[in-house]
Each structure stands twice: as structure tokens, then as C-alpha cells.
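Coordinate inspection notes
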Amino acid sequence: MMHIKKITSGIIALTLFCIPASKVFGQNPTSREYPSLYKSSRTMGMGGASIAIGGRGDALFSNPAGLSTIPKDKGWDVSLINVSAELGENVTDFLDDATTAMDTGDMNNDGSTDDDQQKALNDVLANYRGSNLHFRAANFTSFSRSYDSFALGFGVLASGRMDARTHQGFGPEGFLELDADATYGAVGGFSMPIEDNLSVGIGLKGLKRESLVHNFSARELAENGDNLDNYIVDDVRKQGSALGIDAGVLWKFSPDSWWRPAAGFSLMNIGDLDFAAAGKIPMTLNAGISVNPQITWFRSLILGADYVDILNNYEQDKDMMKRLRLGAELQLFDIIPIEMAIRAGLYEGYPTFGADLRLLFLTLSYAMYSEEVGAYAGQDQDTRHLVTMNIGW
């Protein structure tokens, strides 16, 4: 995986080259996004709802008891290569506008296009001052299976994320705000029934993280411009490792009804997932409900609702809407060798959409959702597009 310093150095270098430090523009609030380890296309297409749903190996990131709902008739749920890439809409718009700016012709008839292109690019950067620029890439290779008496899942995670904002340079936000991390390690979990329709689960994870959370001043960037890579590695980058424990319960409290409802609770990152100097992901208590009505026209329909961080351990805010997730999945058909599903939901107050198509061992998935990077739902929307390619069965 590309070293985090190369990514950050490229963004910093581009910013320094393109933006004169003397420019003054307005500022937006710094990012208040909730921390996460992994986001699957399925979960985000369903508005983030998953605690009382499970059914796949990614249940390890929301409720390990959800491993018990993996369909037994499918055997092992295997993701050999499960690569995802996520891009914020601000980034795609910025790249389109920057490309247009670089095509600017000789507007002042002085025989050169360099100054015209520079001015057009500066105008583009001014328009995006304070906007959150987001990118994430991940691979989660996993193996999971549910038996009559127990279920298990384990995998290897490698994830890299970057959020960047430019500011006017005179306040506490500095000139360039970066919040980035690279996280990698192993996760696993085990679930078993303790009585009819009631399952408990436990999850373990051992992870390492490199993080870069820093507000660069214009002077700081200028003084270290000739040796920026070493400055980032030696003085700015933080490293740490953490061991995490998760626990959960899943109760199918009326399995014979037409609705087939379920309720789930999870306590994730018990005692906090503490990476020391590289930051932490706080412990959260979460709850969810779901229904899986018996329909004859399609393979399955699942509706779910979650509320995360009941104890308000996320330090960013105490907004209730940001903690609410609603979602649905309609599996249109599942016949060898093809499977297709569509999804929709509401995540942090914003609509979501998702779909995937499976052909033999290849699955392509897409999800569109918006992350709230402000202090409350509706303040600062960052729309994102998540694409996943999975090779497995």
C-alpha cells in the first residue's frame, strides 16, 4: 500500500503550487465526521443500517452476532479480493473544474496562456476553499460461515483515508487542514445461540494505524517545502497499534410471524480502540431493529433501523439525527450464476442508494451516500460515491 506520506505530500505540493498565500477567503467548520474502520457498499447503500441485519462477513464491524444470519445454504461466504474506492463529490467537481481551468486560452491577448490558466485555477481553488475533499480506498479479505450451532468470520483489513480542506491561513485552522490515516490488521468474530432465536457474538481485532491530523500554516509549509516528506514522517505523522473487543446480541423475537422481526445490540470497541498518538475510536453502544417479511415475488426484502452511539461517546457532537440510520434491501433474484440487489436508505439525514450485480465469482457494487461533516445533520453535506469489486463466492 502506498505510504501515506506520498499521498499527503502530493496534495500539499499541489496546494502550494496553485494557491497564493496572500489570498483571503471564508472558512467552513472543520470536519466532524464520525470515525470508522470500514464501510461496505451494502451497508452504506442501506443507509448504514446493519446492527439487526448482519448476513455477511462485514457484520464484524457493526455487530458480531450478525454472523449467525449468514445463509447456511450458501456455505462459506468468501471475499478473496474485496477492493473498494470512495470519492467525495467535491473532489470530482473540483477535478472537472480544474481541468476546465487548465484548458483556458489566451484571454488577455498577450501571447501566453500561462497567466490565464493560473488565474482560472486560482478562481477554482477559491470556490472550493473550506470544502471537504474526501478519498478512501480499502480491501477487506474475509471468510465467514454459519453452522447450526455456531458462526464464525475472520479477515484482513487494509484501509487508507484522506480528508483535506484549505483555509484562509490566518485562523487556528491554518492554511491546509489534513485528516488522514492508514489502518491495517486482522479482525475476527464468533457467534453462537444461547437459546432459540437468540444469538450472542464476540469480536476481536488487532490493528495498526498511521495517522496525519494536522493544520499546516503557510509559513510551516514554506519552511519545509524542500524536505516535506521527511518533515511529515518525522514530525507530523503519528503511529500506534490497538487491540479491540466487540460484543453483540441478535434476537429474532417472532420468527413465525409474516414480518420475521429482529432486534440487535452491540458494544463496539470496548474500552475504546486506542491507537495512542495515532488517535482512537471510542466505544459505542448501538441498537437496531429489522424486519424480513416473507414475500414470494423476490428472494428477500429487509428493512432496518439503527441508532448508534447511544451514550454519546463520539466527541464531535451530540446530534441525534447524525446517529440515525434507516435502510432497505431488495434482493431481486439469486439464481446460479447471477444475483442482483438494490438498496435505499437514510443516513445522517441524507438519502442513500445502492445496487450490486454478481456474475459467478465477480460482484460489482455501488453506493451513494452523504456524510455530515458539520456539527449537526443538514449543516455541511459531503456526498460520496463508493464502488466495490469483490472476487469470491
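Because the structure is a prediction, the values reported are computed rather than measured.

Counting residues in hydrophobic clusters, the biggest one holds 18 residues, and the most contacted among them are Leu37, Phe61, Phe140 and Leu273. Elements represented by at least two residues in this core include exactly β2 (133-146) and β3 (151-166). Residue contacts for Phe61: discarding those within four places in its chain leaves Leu37, Tyr38, Phe140, Leu157, Val187 and Met268. Among the nonpolar cores identified, the runner-up in size contains twelve residues, and Leu178, Leu228, Tyr231 and Ile232 belong to it.

Before going further, it helps to examine the packing of helix α3 (residues 89-102) against helix α4 (residues 114-127). At a minimum axis distance of 8 Å, the contact between α3 and α4 shows a crossing angle of 160°. Classified by the interaxial angle, the pair formed by α3 and α4 is roughly antiparallel. Classified by chirality, the crossing of α4 by α3 is right-handed. Between α3 and α4, the residues in contact are Phe94, Asp97, Ala98, Ala101 and Met102 and Gln117, Ala120, Leu121, Val124 and Leu125, respectively. Partitioned by chemical class, the residues of the contact of α3 with α4 number eight nonpolar, one polar and one charged.

Moving on to the confidence of the model for the protein. Residues of the protein with pLDDT of at least 70 account for 90%, and the chain-wide mean is 89. Here residues 11-29 is a poorly scored stretch, pLDDT under 50, and it has 46 contacts once near neighbours within four places are set aside; other chains count.

Positionally, Arg42 belongs in helix α2 (residues 41-45). In this structure Arg42 comes out as buried when scored by relative accessible area, which is 10%. Not counting the four nearest positions on each side in its chain, Arg42 is found in contact with Ile53, Gly54, Gly55, Arg56, Ile302, Glu329 and Arg343.

What follows is about the packing of aromatic side chains. Taken as a whole and judged by the stated rule, the model has twelve aromatic pairs. For the pair Tyr34 and Tyr314, a centre-to-centre distance of 4.4 Å together with 20° between the ring planes defines the contact as stacked. Residue Tyr34 is found in the loop between α1 (4-18) and α2, and its partner Tyr314 is found in the loop between β11 (300-307) and β12 (324-335); the two are separated by 280 residues along the sequence. Tyr34 sits in the buried class, given a relative accessible area of 5%. A ring pair is formed by Tyr347 and Tyr369, whose centres lie 5.5 Å apart and whose planes are at 90°; its orientation type is edge-to-face. Taken together, the positions of Tyr347 in strand β13 (residues 338-347) and Tyr369 in strand β15 (residues 362-372) put the pair 22 residues apart, joining distant regions of the chain. You can call Tyr369 buried: its relative accessible area is 0%. Each member of the aromatic cluster is reached from another via a ring pair, and the members are Tyr38, Phe61 and Phe140. If you follow Arg209 out to its NZ or CZ, it ends over the ring of Phe275, 4.8 Å from the centre.

Our focus in this paragraph is the environment of Trp258. Here Trp258 is to be found in the loop between β6 (238-251) and β7 (261-268). In sequence terms Trp258 and Val291 are 33 residues apart; their C-alpha atoms lie 9.2 Å from each other. Filtering out sequence-adjacent residues up to four positions away, Trp258 remains in contact with Asn292, Pro293, Gln294 and Ile295. Polar contacts involving the side chain of Trp258 include one to the main-chain carbonyl oxygen of Gln294, which spans 2.8 Å.

Cut-offs used in this document
Residues numbered from 1 in each chain as written. Predicted model: local features only at pLDDT ≥ 70, side-chain atom pairs only at ≥ 80, totals over all residues. Heavy atoms only, no water. Core = buried A, V, L, I, M, F, W, Y, C linked by side-chain atoms within 4.5 Å. Buried < 20%, exposed > 50% of the residue type's maximum accessible area, 1.4 Å probe, protein only. Helix = DSSP H or I, 4+ residues; strand = E, 2+ residues; numbered from the N terminus. Contact = heavy atoms within 4.5 Å. Axes fitted to C-alpha atoms, helices over the stretch in contact; angles between N-to-C directions. Parallel < 35°, antiparallel > 145°, perpendicular 65-115°, else oblique. Left-handed = near helix turned anticlockwise from the far one by under 90°. Nonpolar A, V, L, I, M, F, W, Y, C, P; charged D, E, K, R; others polar. pLDDT = per-residue confidence, 0-100. Phe/Tyr/Trp six-rings, centres within 6.5 Å; stacked < 30°, edge-to-face > 60°. Lys NZ or Arg CZ within 6 Å of the ring centre and 35° of its normal. Polar contact = N/O pair within 3.5 Å; in protein donor to acceptor, adjacent residues only side chain to side chain.

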